[in-house]
Amino acid sequence: MNGMARLPQGRPALLLTAIVILTALVGQVRAGATDVFEQNRKLGRGVNILGYDPIWRARAQGRFQAKYFRLLKEAGFNSVRINLQPFRGMNPTNGYALSESWFELLDWAVHQAQAQDLRVILDLHEFTSMGSDPATNKVKYLAFWRQLSAHCQGAPESVLFEVLNEPSGKLTPALWNEYLAEALAIIREKHPTRAVIVGPGYWNSIDHLDELGLPAADHNLIVTVHYYAPMDFTHQGAAWANRKDKLGIEWLGTEAELDVLRRDFDKAAKWAKQHDRPVLLGEFGAYDQAPMESRVRYLTSVVRAAEQRGWSWAYWQFDSDFILYDIGRDSWIEPIRRALISDASPSTSQPSSKRTLSKPGASQ
Ligand code: BGC
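Residues numbered from 1 in each chain as written. Predicted model: local features only at pLDDT ≥ 70, side-chain atom pairs only at ≥ 80, totals over all residues. Heavy atoms only, no water.

A. The arrangement of the overall build of the protein chain in detail. When helices and strands are counted, the protein chain shows eleven helices and ten strands. For the protein chain, the residues scored as buried account for 53% of the 364 residues in total. When the accessible surface of the protein chain is totalled, it reaches about 16,200 Å², and 54% of it is carbon and sulfur. (Helix = DSSP H or I, 4+ residues; strand = E, 2+ residues; numbered from the N terminus. Buried < 20%, exposed > 50% of the residue type's maximum accessible area, 1.4 Å probe, protein only. Areas by Shrake-Rupley, 256 points an atom, 1.4 Å probe, with all protein chains shown as cover.)

B. Here's a closer look at helix α6 (residues 173-190). The end-to-end C-alpha separation of α6 is 26 Å, in line with the 26 Å expected for 18 residues at 1.5 Å each. Packed against the buried residues of α6 are α4 (127-132), α5 (134-151), β4 (159-162), β5 (196-198), α7 (201-204) and β6 (221-227). (Expected span 1.5 Å × (residues − 1). Contact = heavy atoms within 4.5 Å.)

C. Molecular detail of the packing of aromatic side chains. The full count for this structure, using the stated rule, is 29 aromatic pairs. When the ring of Phe64 is compared with that of Tyr68, the centres are 5.3 Å apart and the planes differ by 75°; the resulting orientation is edge-to-face. Tyr68 shares its class with Phe64; the two are buried. Taken together, a centroid distance of 6.2 Å and an interplanar angle of 90° make the contact between Phe77 and Trp313 edge-to-face. Taken together, the residues Phe77 in the loop between α2 (67-75) and β2 (79-84) and Trp313 in strand β8 (residues 312-315) connect sequence positions 236 residues apart. Each of the two residues, Phe77 as well as Trp313, counts as buried. (Phe/Tyr/Trp six-rings, centres within 6.5 Å; stacked < 30°, edge-to-face > 60°.)

D. Examining α5 more closely. Here α5 is 18 residues long and its end C-alpha atoms lie 24 Å apart, about the 26 Å a rise of 1.5 Å per residue gives. For α5, the full list of buried residues reads Pro134, Asn137, Lys140, Tyr141, Leu142, Ala143, Phe144, Trp145, Gln147, Leu148 and Ser149. Turning to α5, the residues buried within the fold contact β2, α3 (100-115), β3 (119-124), α4, β4 and α6.

E. Examining the side chain of Asn165 more closely. Take Asn165: it is sitting in the loop between β4 and α6. At 3.4 Å, the side chain of Asn165 and the side chain of His125 are in polar contact. If near-sequence neighbours (up to four positions away) are discounted, Asn165 is found in contact with Arg81, Asp123, Leu124, His125, Phe127, Asn204, His226 and Glu283. (Polar contact = N/O pair within 3.5 Å; in protein donor to acceptor, adjacent residues only side chain to side chain.)

F. Structural context of the pattern of salt bridges. Inspection of the entire model under this criterion finds 19 salt bridges. Here Asp123 makes a salt bridge to Arg81, at a shortest N to O gap of 3.4 Å. Of this pair, Asp123 sits in strand β3 while Arg81 sits in strand β2; the two residues are 42 residues apart in sequence, bridging distant segments of the chain. The buried category is assigned to Asp123, whose relative accessible area is 0%. We classify Arg81 as buried; its relative accessible area is 0%. Across the pair Arg309 and Asp266 runs a salt bridge whose closest N-O atoms are separated by 2.9 Å. (Salt bridge = Lys/Arg side-chain N within 4 Å of Asp/Glu carboxyl O.)

G. Here's a closer look at the nonpolar core. Membership of the largest hydrophobic core comes to 102 residues, with the highest contact counts inside it found for Leu122, Tyr141, Trp145, Phe318 and Leu340. Among the nonpolar cores identified, the runner-up in size contains eight residues, and Ile121, Leu160, Ile197 and Ile222 belong to it. (Core = buried A, V, L, I, M, F, W, Y, C linked by side-chain atoms within 4.5 Å.)

H. Here's a closer look at the environment of Arg337. In this structure, Arg337 sits in helix α11 (residues 334-340). Residues Arg337 and Leu72, 265 residues apart in the sequence, show an inter-C-alpha distance of 10.0 Å. Contacts of Arg337, omitting those with residues within four sequence positions, involve Ala75, Leu324 and Trp332. Polar contacts involving the side chain of Arg337 include one to the side chain of Glu334, which spans 2.7 Å.

I. Broad picture of the confidence of the model for the protein chain. Residue-level pLDDT values for the protein chain average 89, and 85% of them are 70 or greater. Every residue in residues 1-34 is under pLDDT 50, and counting partners more than four places away or in other chains gives five contacts. Every residue in residues 344-357 is under pLDDT 50, and counting partners more than four places away or in other chains gives 46 contacts. (pLDDT = per-residue confidence, 0-100.)

J. Layout of the pairing of β2. With six of six residues buried, β2 lies mostly within the body of the structure. Where burial is concerned, the two faces of β2 agree: the one with Ser79, Arg81 and Asn83 and the one with Val80, Ile82 and Leu84 are both buried. When strand β1 (residues 45-49) meets β2, the two strands line up parallel, connected through four bridges. Note on β2: the bridge partner recorded for Gly46 is Ser79. Here β2 pairs with β3 via six bridges, running parallel. Bridged to Ser79 within β3 is Arg119. One crossover worth recording links β2 to the parallel β3 by way of α3, and it is right-handed. (Pairing = 2+ DSSP bridges. Right-handed = clockwise from strand over helix to strand, strands pointing away.)

K. How the structure looks around the side chain of Ser312. Mapped onto the secondary structure, Ser312 falls in strand β8. Within polar-contact distance, the side chain of Ser312 engages the side chain of Asn40 at 2.6 Å. Setting aside its immediate chain neighbours within four residues, Ser312 contacts Asn40, Leu43, Gly44, Val279, Leu280 and Leu281.

L. Quick peek at the sheet that holds β4. Spatial ordering of the closed barrel is given by β1-β2-β3-β4-β5-β6-β7-β8, a layout of eight strands whose pairing is parallel. The mean angle between the axes of side-by-side strands here comes to 25°, regardless of whether they run parallel or antiparallel. In this sheet, β8 lies alongside β1 in parallel orientation, the contact comprising three bridges. Looking across to β8, one finds that Gly46 is bridged to Ala314. Here α6 sits on the sheet in contact with β4, β5 and β6, set at roughly 175° to β5. (Axes fitted to C-alpha atoms, helices over the stretch in contact; angles between N-to-C directions.)

Put into structure tokens, the structure is as follows:
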């Protein structure tokens, strides 16, 4: 009888305990909401690396060496965005499997970065294939995320995933929302709280943020945008942007030029605030044929504008073109390094295609 009598009292008690536990659990998951801003803050100042390095075809031909991770750290960078183009090694005959040697190289790069306390973004940089034939390449895209997710299970939180660089072309903003949801669902099976980076369609353009559809319940997303405006300045001399002979364009940092930058970044910041998402400026830069003084002025202004808004950033890129480091001479392009990492920049402590396709304005 007593037992029977206690039961109705015990149930609410049990229910209460369950509610307390559940609230704590939900709280932990939601803590990711705050945490992802911290994750983004820790990305801080980064550089894009390894994207077009022959190392992926033949390890011995690699340009990027282990010591560059140390040099990046010593120079004051906090993270690297590793641009991955794995599709060429994936085919139907092997079930789209990524090879052992590909994973070995990836692990080498990740471990070297970790040894220098650099955070790592694993960026699927297959935007050209995905933009020209999304339907055909979808199988590789999803197979990639399935395998990378499995491979990185247990990786520290300092390893972040970026679903796809610059969705563009036939991968329209609407279609991209579907593709990103599918990849994210695969990633979340094994990485429920890892910080995942995702950006808007149309080459991660600020102007297309409004079309980006993110799962509202996922509080561990960092939103990325790329910034190369004005294209006539940043891509002067670049053949793939139809600007091979259009050289000598300056960026003087006039009020009008700064105004454009401020307006563009404010637009992204407003969107981010409304949607409660942290922002990574995942690519920006000016081609190495642009006048050096203008490049320095431009980069200083872009970095300052990003940091003032509490964004992390990653410069495009270490080697190849737009370069920050001259591998042949084994030395920094000093003015670029100083423009990116200067005392004048406030700290990050506050919370437009490749070759065949072209970024916004590429043909103007
Ligand atoms: C592309 C590069 C290009 C850079 C600037 C990157 O996303 O992968 O090929 O040079 O953007 O346009």
